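Chain by chain, the residues run as shown.
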Amino acid sequence: MEAKLSKKETFTIGLMLFALFLGAGNMIFPPALGQSAGENIGEAIIGFLITGVGLPLLGVTAIGLTGGSLKDIASRVHPSFGLLFTAILYLAIGPFFGIPRTGTVAFEIGVVPFLSETVNPTGLPLVIYTLIFFGFTFWFALNPTQLVDRIGNILTPLLIVVLGSLIIGAFVSLPNDLSTPAEGYQSGVFFKGFLDGYLTMDAIAALVFGIVIIKAVNDRGVTNKKVVAFSVLKAGLLAALGLTIIYLSLAFIGASSLDVVTSAENGGVILSNVANYLYGTFGTVLLGAAITFACLTTSIGLVTACGEYFSKAYPKLSYKMVILIVTVFSAFIANLGLTQLIAFTVPVLIAIYPIAIILIFLTFINYIIPLHHYIYKWAIFLTVIVSIPKALEGANLPIPGLEFLHYLPLYSEGIGWLIPALAGILIGVITASTDRQSTNAG
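Conventions we followed
Residues numbered from 1 in each chain as written. Predicted model: local features only at pLDDT ≥ 70, side-chain atom pairs only at ≥ 80, totals over all residues. Heavy atoms only, no water. Helix = DSSP H or I, 4+ residues; strand = E, 2+ residues; numbered from the N terminus. Rg over C-alpha atoms; globule rule 2.2 N^0.38 Å. Buried < 20%, exposed > 50% of the residue type's maximum accessible area, 1.4 Å probe, protein only. Contact = heavy atoms within 4.5 Å. Areas by Shrake-Rupley, 256 points an atom, 1.4 Å probe, with all protein chains shown as cover. 1 Å grid on protein atoms, 1.4 Å probe; cavity = no way out; pocket = protein on both sides within 12 Å on 5 of 7 lines; lining within 4 Å. Points joined across faces, edges and corners; volume = space filled by probe spheres on them. Expected span 1.5 Å × (residues − 1). Axes fitted to C-alpha atoms, helices over the stretch in contact; angles between N-to-C directions. Parallel < 35°, antiparallel > 145°, perpendicular 65-115°, else oblique. Nonpolar A, V, L, I, M, F, W, Y, C, P; charged D, E, K, R; others polar. Salt bridge = Lys/Arg side-chain N within 4 Å of Asp/Glu carboxyl O. pLDDT = per-residue confidence, 0-100. Patch = residues over 30% accessible without salt bridge, like charges linked within 9 Å, V, L, I, M, F, W, Y side chains within 5 Å. Left-handed = near helix turned anticlockwise from the far one by under 90°. Phe/Tyr/Trp six-rings, centres within 6.5 Å; stacked < 30°, edge-to-face > 60°. Lys NZ or Arg CZ within 6 Å of the ring centre and 35° of its normal. Bend = angle between axes of the 7 residues up to and from the residue.

Q: Which residues make up the overall build of the protein, and what values do they have?
A: Scanning the protein from N- to C-terminus turns up 17 helices and zero strands. Against the 2.2 N^0.38 benchmark of 22 Å for 442 residues, the protein shows a C-alpha radius of gyration of 22 Å, consistent with a compact globule. The principal-axis extent of the C-alpha atoms belonging to the protein is close to 80 × 55 × 40 Å. Counting only residues that meet the buried cut, the protein has 53% of its 442 residues in that class. Considering only residue pairs separated by 6 or more positions, the protein has 81% of its internal contacts joining residues 24 or more positions apart. Approximately 18900 Å² of the protein is accessible, and the part contributed by carbon and sulfur atoms is 67%.

Q: For empty space enclosed by the protein, give the residues involved together with the corresponding values.
A: Under the criterion given, the structure shown has three cavities of 30 Å³ or more. In this structure, the second largest cavity encloses a volume near 40 Å³. Forming the boundary of the second largest cavity are I350, V386, S387, K390, G414, G416 and W417. Counting residues per element, the lining of the second largest cavity draws most heavily on helix α16 (residues 373–394), at three residues.

Q: Describe helix α1 (residues 7–21), with residues and values.
A: When the terminal C-alpha atoms of α1 are compared, their 21 Å separation across 15 residues agrees well with the 21 Å that a helix rising 1.5 Å per residue should span. For α1, the buried fraction is high: eleven of the 15 residues fall into the buried class. Those residues of α1 not exposed but buried are T10, T12, I13, G14, L15, M16, L17, F18, A19, L20 and F21.

Q: How would you sum up the packing of α1 against helix α13 (residues 281–313)? Please name residues and give values.
A: Orientation of α1 relative to α13, taken along the N-to-C sense of each, is 105°, at an axis distance of 7 Å. With respect to their mutual orientation, α1 and α13 come out roughly perpendicular. On the side of α1, the interface is formed by A19, L20 and F21, while α13 contributes A294, T297, T298 and G301. The residue makeup of the contact of α1 with α13, split by class, is four nonpolar, three polar and no charged.

Q: Now, about the pattern of salt bridges: what can you tell me, with residues and values included?
A: Per the stated rule, a full pass over the model turns up one salt bridge. For R220, the salt bridge is made with E9, and the minimal N-O distance between the two is 4.0 Å. You can see R220 sitting in the loop between α10 (202–218) and α11 (225–255) and its partner E9 sitting in helix α1, a full 211 residues away along the chain. Note on R220: relative accessible area 25%, which makes it partly exposed. For E9, a relative accessible area of 26% translates into the label partly exposed.

Q: So what's going on with the confidence of the model for the protein? Residues and values would help.
A: With 92% of its residues at a pLDDT of 70 or more, the protein shows a mean pLDDT of 84. When the elements of the protein are averaged for pLDDT, helix α8 (residues 147–173) gives the smallest value, 72, and helix α14 (residues 319–334) the largest, 93.

Q: Please give an account of unusual backbone geometry that cites residues and values.
A: Positive phi, normally seen in glycine, also occurs at N396, with a value near 60°. By the element assignment, N396 lies in the loop between α16 and α17 (418–441). Taking the relative accessible area as the measure of exposure, N396 reaches 67% and is therefore exposed.

Q: Any chance you could break down a nonpolar patch on the surface for me, citing the residues and the numbers?
A: Where nonpolar side chains cluster on the molecular surface, the patch consists of L124, V127, I128, L131, I132, F136, W139 and L142 and spans about 780 Å² of accessible area. With respect to the element layout, L124 can be found in helix α7 (residues 124–141).

Q: Residue-level account of the packing of α13 against α14, with values.
A: The contact between α13 and α14 brings their axes to 8 Å, and the two run at 130°. Here α14 runs oblique to α13, going by the angle between their axes. Note that α13 runs across α14; the crossing there is right-handed. In this structure, α13 contributes V303, T304, C306, G307, E308, F310 and S311 to the contact, and α14 contributes Y319, V322, I323, V326 and T327.

Q: So what's going on with the packing of aromatic side chains? Residues and values would help.
A: Scanning all chains against the criterion turns up 18 aromatic pairs. Judged by centre distance (5.1 Å) and plane angle (80°), the ring pair of F133 and F134 falls under edge-to-face. Exposure remark for F133: the relative accessible area of 5% places this residue in the buried category. Put simply, the rings of F190, F191, F194, Y198 and Y353 pair up and form one aromatic cluster. Sitting over the face of the ring of Y411, K390 holds its NZ or CZ atom 4.5 Å from the ring centroid.

Q: Give a detailed account of α10, specifying residues and quantitative values.
A: For α10, spanning 17 residues, the distance from its first C-alpha to its last is 23 Å, which sits close to the expected 24 Å at 1.5 Å a residue. In α10, a bend of some 40° at V208 exceeds every other bend along the element. Counted residue by residue, α10 has 15 buried out of 17 residues, so it is predominantly covered.

Q: An account of the side chain of S249 is requested, with residue identities and associated values reported.
A: With respect to the secondary-structure elements, S249 resides in helix α11. Classification of S249 as buried rests on a relative accessible area of 8%. When residues no more than four places from it in sequence are discounted, the contact partners of S249 are I167 and F171.

The structure is reproduced here in structure tokens:
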């Protein structure tokens, strides 16, 4: 009889996946979106949920369906592309952006409010904090076989209790009147929310966490590919439900907080002020604990995933050595500060997110109808020639001569890559059909 996960095991793995996703950006971006969108929060949050919840669910399920890894999926374009894109994605979601951001956000929300105004938060306090934070990350990630138990049974329940206390208090005590939409959120709000969902980095994190989830399922004796895929899907649905509830709640807090919190520079400030308004100093401590737990669980998951991937891709590097390098480098990058990290992150996400989205959807199609490699090549090629120039443009480094891209449908909304990607799929189908006919004729 084939082994299957028990309901308790599925629930535990689902909680782990929920905690892995609920990290730095997930806590600070929804309230900022809510406050900016105000009365238009409904339209904005739908767009946000598509990229912040829907795509991560599809991503982790895509990995579950293939039973492989991101490299296996990306290699369908070309083996060299598989190596390059996988490395870029792991480095982006890992030691260059994703992992350092967990430490800086935890510091900004959990420590800075308690520092004296005479203390420079980007100096020695940040150094000390990141050493401690990433020291704990390294310790938890040392034994990945215990990751599910440590996160699913210890850290996640603490996180849910802390977040629940803040959310319940906000629903009971905050004014119910929604604020007037800020400039930029009065039209095209759906697309604004869609792009804001990029900042969570969860769709690309899903392609990384997929390995962790599959391993957690395999460690419980489940090896049949279809059973593994179904188990991953069930865990993913549980995580998606949890994320949806949290995002809706945090967005509502932001949208109804303007009478309590004047316009803030980021969602962390909004949450900090709301926590202080509801519970005083205790509320600030409560929020700091929630952010710290959320960021720590994500940091552990990302370090573990990087360790698993790079130790297999480069056998001369042991798992322990990889996670040591990743945590030390992440601690160094984290000391650049949150503002600089976000500034560097946005253009990179604009470049690689569309590629990840197309790969996810092609994986689902390929599971039903096997796709020729021409389809992958053309779809990704036409996506790249739009997404990379758009990213450079956002970084104030436009490529001369590509101004014609502005005429693409939805380009100004930030998803000008969509029509070219669909055209690439069609060209790939035609090319594959022509190639088969030539082969048969020969």
